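Next come the chains, spelled out residue by residue.
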Amino acid sequence: MKLRILISSIGFAATMVSTGVFASDEQHPQLAVGLAVDQQLSVVVELDESYRFIIGNQGTAFDYIAMRGEFDTNEPITWYAGVGAWGEWEDGFGLRVPLGLNYQVSQNLQMYGQIQPELDMHKGWELGIGGAISAKYHF
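Residues numbered from 1 in each chain as written. Predicted model: local features only at pLDDT ≥ 70, side-chain atom pairs only at ≥ 80, totals over all residues. Heavy atoms only, no water.

Caption draft 1: Spotlight on the overall build of the protein. The helix and strand tally for the protein stands at one helix and nine strands. The order of helices and strands in the protein, counted from the N terminus, is α-β-β-β-β-β-β-β-β-β. The 139 residues of the protein split such that 37% are buried. Put simply, 40% of the contacts in the protein that link residues at least 6 apart link residues at least 24 apart. Carbon and sulfur atoms form 62% of the exposed surface of the protein, whose accessible area is close to 8500 Å². (Helix = DSSP H or I, 4+ residues; strand = E, 2+ residues; numbered from the N terminus. Buried < 20%, exposed > 50% of the residue type's maximum accessible area, 1.4 Å probe, protein only. Contact = heavy atoms within 4.5 Å. Areas by Shrake-Rupley, 256 points an atom, 1.4 Å probe, with all protein chains shown as cover.)

What follows is the structure, encoded as structure tokens:
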């Protein structure tokens, strides 16, 4: 129960922050929706290429993509790094640092793969590593 309240609070706070950011911007926010293997089979919603919400069979996660970059190549591959939080439905919650690669398949279709060092704070502190792959469509 405490975990669900924690995750709901994180999601609500992130939504309020992103809504405030977008309200002052005259452009419409970029929206991407897709499927991922992150919290087992998951749905991914990404706003403005910075705020990523994941909800899946095993739990939920939120990532803020803080840095992006490009490689010196003609391939449509970019890198990113961020910070985030995750929680499982049964037990386990913590922080994570997503480090990933984006591949632009077409104008609206993008795939990403990431690894994320994780700090599990349920019943003590434990370090681990996770990963995710996804395909998302940009509107």
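Caption draft 2: Focus on the packing of aromatic side chains. Throughout the structure, instances matching the rule amount to four aromatic pairs. On the numbers, 5.0 Å between centres and 45° between planes, the contact of Phe 53 with Phe 62 is tilted. Classification of Phe 62 by relative accessible area gives buried; the value is 14%. Measuring from centroid to centroid gives 6.2 Å for Tyr 80 and Tyr 112, while their planes differ by 85°, and the two rings are edge-to-face. (Phe/Tyr/Trp six-rings, centres within 6.5 Å; stacked < 30°, edge-to-face > 60°.)

Caption draft 3: Structural view of the pairing of strand S4 (residues 59-70). Two elements, strand S3 (residues 51-56) and S4, share five bridges in a ladder whose sense is antiparallel. Paired with Ile 54 across the two strands is Ala 61, which belongs to S4. Turn length for the S3-S4 hairpin, with the two strands adjacent in sequence and antiparallel, is two residues. As paired elements, S4 and strand S5 (residues 77-88) share eleven bridges and run antiparallel to each other. Note on S5: the bridge partner recorded for Met 67 is Ala 81. The loop that links S4 with its antiparallel partner S5 comprises six residues. (Pairing = 2+ DSSP bridges.)

Caption draft 4: Representation of the nonpolar core in the model. Counting residues in hydrophobic clusters, the biggest one holds eight residues: Ala 36, Val 44, Ile 54, Ala 61, Ile 65, Tyr 80, Trp 86 and Tyr 112. For this core, the elements supplying multiple residues, two or more each, are S4 and S5. Not counting residues up to four positions away in its chain, the partners in contact with Tyr 80 are Arg 52, Ile 65, Met 67, Arg 68, Pro 98, Leu 99, Gly 100, Leu 101, Asn 102, Tyr 112, Gly 113 and Gln 114. (Core = buried A, V, L, I, M, F, W, Y, C linked by side-chain atoms within 4.5 Å.)

Caption draft 5: Spatial organisation of unusual backbone geometry. Of note, the phi angle at Asp 48 is positive, near 55°, even though the residue is not glycine. Relative to the helices and strands, Asp 48 is located in the loop between strand S2 (40-47) and S3. Of note, the phi angle at Glu 49 is positive, near 55°, even though the residue is not glycine. Tracing the chain through its elements places Glu 49 in the loop between S2 and S3.

Caption draft 6: How the structure looks around the pairing of strand S6 (residues 93-96). Here four bridges tie S5 to S6, and the two strands are oriented antiparallel to one another. Paired with Ala 85 across the strands is Leu 95, a residue of S6. Here S5 folds back onto S6, and the loop between the two strands holds four residues, one of which, Gly 92, carries a positive phi near 100°. Here S6 pairs with strand S8 (residues 109-120) via three bridges, running antiparallel. Its bridge partner being in S8, Gly 94 is matched across the sheet by Asp 120.

Caption draft 7: Geometry of the environment of Gly 82. Here Gly 82 is to be found in strand S5. Spatially, the C-alpha atoms of Gly 82 and Arg 68 are 8.9 Å apart, while their sequence positions differ by 14 residues. If sequence neighbours within four positions are ignored, Gly 82 has contacts with Tyr 64, Ile 65, Ala 66, Val 97 and Pro 98.

Caption draft 8: Focus on a nonpolar patch on the surface. A cluster of nonpolar side chains, namely Leu 31, Val 33, Leu 35, Val 43, Ile 55, Trp 89, Tyr 103, Val 105, Leu 109, Met 111, Tyr 137 and Phe 139, defines an oily patch on the protein surface of about 1100 Å² accessible area. Mapped onto the fold, Met 111 is located in strand S8. (Patch = residues over 30% accessible without salt bridge, like charges linked within 9 Å, V, L, I, M, F, W, Y side chains within 5 Å. Salt bridge = Lys/Arg side-chain N within 4 Å of Asp/Glu carboxyl O.)

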